[in-house]
Amino acid sequence: MSILEIALASQIWARRHEKRALAFDESGGLKVLLRVAFVFVAFTMLIAGLNVAVGRPQMPAQSSAPALTGR
């Protein structure tokens with residue numbers, strides 16, 4: 001088989017076996033929002049945990065800004 005025939009057969013097979021997308025409903029939007037929030041919180045906790053493990057916890061007011069110290 002040529003590459004074109006293989007690609008065409010692959011497309012036909014994929015279209016026969018694809019699942020139709022369900023209509024968007026409000027509960028789907030809520031699930032997406034909750035997943036995004038969960039990923040954000042998990043990533044924030046991961047970064048904070050890594051900083052604590054290294055020994056430098058992040059504190060916003062830990063020191064003055066370098067640009068302002070010379071004034």
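What counts as what
- Once a new chain begins, its residue numbering starts again from 1 and follows that chain's sequence as written.
- Side-chain atom pairs in this predicted model are given and counted only at pLDDT of 80 or more, local residue features only at pLDDT of at least 70, and totals for whole chains, interfaces and linings cover all residues.
- To obtain the side-chain values, all non-hydrogen atoms of the structure were included, while hydrogens and water were left out.
- In this text, helices come from DSSP runs of H or I with a minimum length of four residues, and strands from runs of E with a minimum of two, each type numbered from the N-terminal end.
- Note on areas: Shrake-Rupley, 1.4 Å probe, and residue coverage restricted to the protein chains presented here.
- Patch definition: residues above 30% relative accessible area lacking any salt bridge, with like charges linked at up to 9 Å and the nonpolar side chains Val, Leu, Ile, Met, Phe, Trp and Tyr linked at up to 5 Å.
- Whenever Lys or Arg places a side-chain nitrogen within 4 Å of a carboxyl oxygen from Asp or Glu, that contact is recorded as a salt bridge.
- Remark: exposure states derive from per-residue accessible area (1.4 Å probe, protein chains only) relative to the maximum for the residue type, with buried under 20%, exposed over 50%, and partly exposed in between.

### As for the overall build of the protein
Argument step 1. Per the secondary structure count, the protein includes two helices and zero strands.
Argument step 2. With the model as given, the accessible surface of the protein reaches about 7,300 Å², and the carbon-plus-sulfur share is 68%.

### Focus: a nonpolar patch on the surface
Argument step 1. A cluster of nonpolar side chains, Phe 43, Leu 46, Ile 47 and Leu 50, forms an exposed patch at the surface whose accessible area comes to about 370 Å².
Argument step 2. Inspection of the secondary structure puts Ile 47 in helix H2 (residues 26–54).
Argument step 3. By relative accessible area, which is 32% here, Ile 47 ends up partly exposed.

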